[in-house]
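Structural overview
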Amino acid sequence: KYSVSLIIPKTDTKTIEATKAAIEEAKEAGKASKFGGKVPATLKTPLRDGDVDGPDDEAYADSMFINANSTSAPEIVDKSVNPILSRDEFYSGCYGRASIVFYPYNAEGSKGIACGLQNIQKLEDGERLSGGSSAAEDFGSSDNAGGLV
């Protein structure tokens, strides 16, 4: 399974409104196909408020976020749409865009709108949110002497 947390600053009202509109379209599509003719009052939706659902993580402060998932690997490309093949080049904290799709679900009594991940475009580097480092940063070149760990 592949997933990404898409963080949208609350100041980006254009993206937030477009996201809300796409979620509403998925609700309407789900009325007949998943929800028995009407949208449930307690429907789960993927757009969440970082100040409410992630108050202890400053990466989500003053932001909305969506967790998008896929069972197949998304294509990851750079600004020029060249494939990014190295895991070190795309990490938690990069700035980018994602192609996503919203769809209704009704599984085991849980009804909602989910977000499917399709592809990702990296626009620029950012501060690593994981707080970790890359293997290259940890170990350097292969010229370094190694030992048992």
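In short, a report on the structure. (Residues numbered from 1 in each chain as written. Predicted model: local features only at pLDDT ≥ 70, side-chain atom pairs only at ≥ 80, totals over all residues. Heavy atoms only, no water.)

1. Some points on helix α1 (residues 13-33)
Here α1 spans 30 Å end to end across 21 residues, near enough to the 30 Å set by a 1.5 Å rise per residue. Burial in α1 covers these residues: I16, T19, I23, A26, K27 and G30. Angularly, the buried residues of α1 cover 110 degrees about the axis, an arc narrow enough to put them on a single face. Along α1, exposed side chains directed more than 90 degrees from the buried face belong to T13, K14, E25 and A32. Buried residues along α1 sit against β1 (2-9), β3 (63-70), β5 (95-107) and β6 (110-124). (Helix = DSSP H or I, 4+ residues; strand = E, 2+ residues; numbered from the N terminus. Expected span 1.5 Å × (residues − 1). Buried < 20%, exposed > 50% of the residue type's maximum accessible area, 1.4 Å probe, protein only. Arc of directions from axis to C-beta. Contact = heavy atoms within 4.5 Å.)

2. Considerations on the layout of surface pockets
In this model, the largest pocket occupies a volume close to 1,300 Å³. As for the largest pocket, its lining consists of 39 residues, and the residues nearest its centre are S5, L6, I7, C94 and G96. Looking at the lining of the largest pocket, the elements that each hand over two or more residues are β1, α1, β5 and β6. A total of eight residues in the lining of the largest pocket trace back to one element, the largest contributor, which is β1. Broken down by class, the residue content of the lining of the largest pocket amounts to 22 nonpolar, 10 polar and seven charged. (1 Å grid on protein atoms, 1.4 Å probe; cavity = no way out; pocket = protein on both sides within 12 Å on 5 of 7 lines; lining within 4 Å. Points joined across faces, edges and corners; volume = space filled by probe spheres on them. Nonpolar A, V, L, I, M, F, W, Y, C, P; charged D, E, K, R; others polar.)

3. Digging into the environment of A59
Among the structural elements, A59 can be located in the loop between α2 (50-53) and β3. In the structure, A59 is positioned 70 residues away from L129 in sequence and 7.2 Å away in space, judged by C-alpha atoms. Not counting the four nearest positions on each side in its chain, A59 is found in contact with I7 and L129.

4. A word on the packing of aromatic side chains
Geometry of an aromatic ring pair is reported as the spacing of the ring centres plus the angle between the planes. In the structure shown here, the tally under the stated rule is one aromatic pair. Between Y60 and F65, the aromatic rings sit 4.7 Å apart at their centres with planes inclined by 65 degrees, giving edge-to-face as the arrangement. By the burial criterion, Y60 is buried, and F65 matches it. The ring of Y91 carries the charged tip of R128 above its face, separated from the ring centre by 4.2 Å. (Phe/Tyr/Trp six-rings, centres within 6.5 Å; stacked < 30°, edge-to-face > 60°. Lys NZ or Arg CZ within 6 Å of the ring centre and 35° of its normal.)

5. Concerning unusual backbone geometry
The phi dihedral of V81 is positive, around 65 degrees, even though this residue is not glycine. One can find V81 in the loop between β4 (75-77) and β5. Note on V81: relative accessible area 56%, which makes it exposed.

6. Re the nonpolar core
Residues L47, I66, A68, F102 and I113 are the most contacted members of the largest nonpolar core, which totals 17 residues. Broken down by secondary-structure element, the contributors of at least two residues to this core are β1, α1, β3 and β6. The element best represented in this core is β6, accounting for four residues. Every residue in contact with I113, bar those within four places of it in the chain, is listed here: I23, A26, K27, F35, L43, K44, T45, P46, F102, Y103, P104 and Y105. (Core = buried A, V, L, I, M, F, W, Y, C linked by side-chain atoms within 4.5 Å.)

7. Things to note about the pairing of β6
The pairing of β4 with β6 spans three bridges and is classified as parallel. Bridging from a neighbouring strand, V77 pairs with Q121 of β6. Relative to β6, β5 is paired through 13 bridges, and the arrangement is antiparallel. Along β6, the bridge assignment pairs F102 with C115. Hairpin connection from β5 to β6: two residues lie between these consecutive antiparallel strands, with E108 at a positive phi of about 50 degrees. (Pairing = 2+ DSSP bridges.)

Remember, this is a structural readout, not a statement about activity or role.
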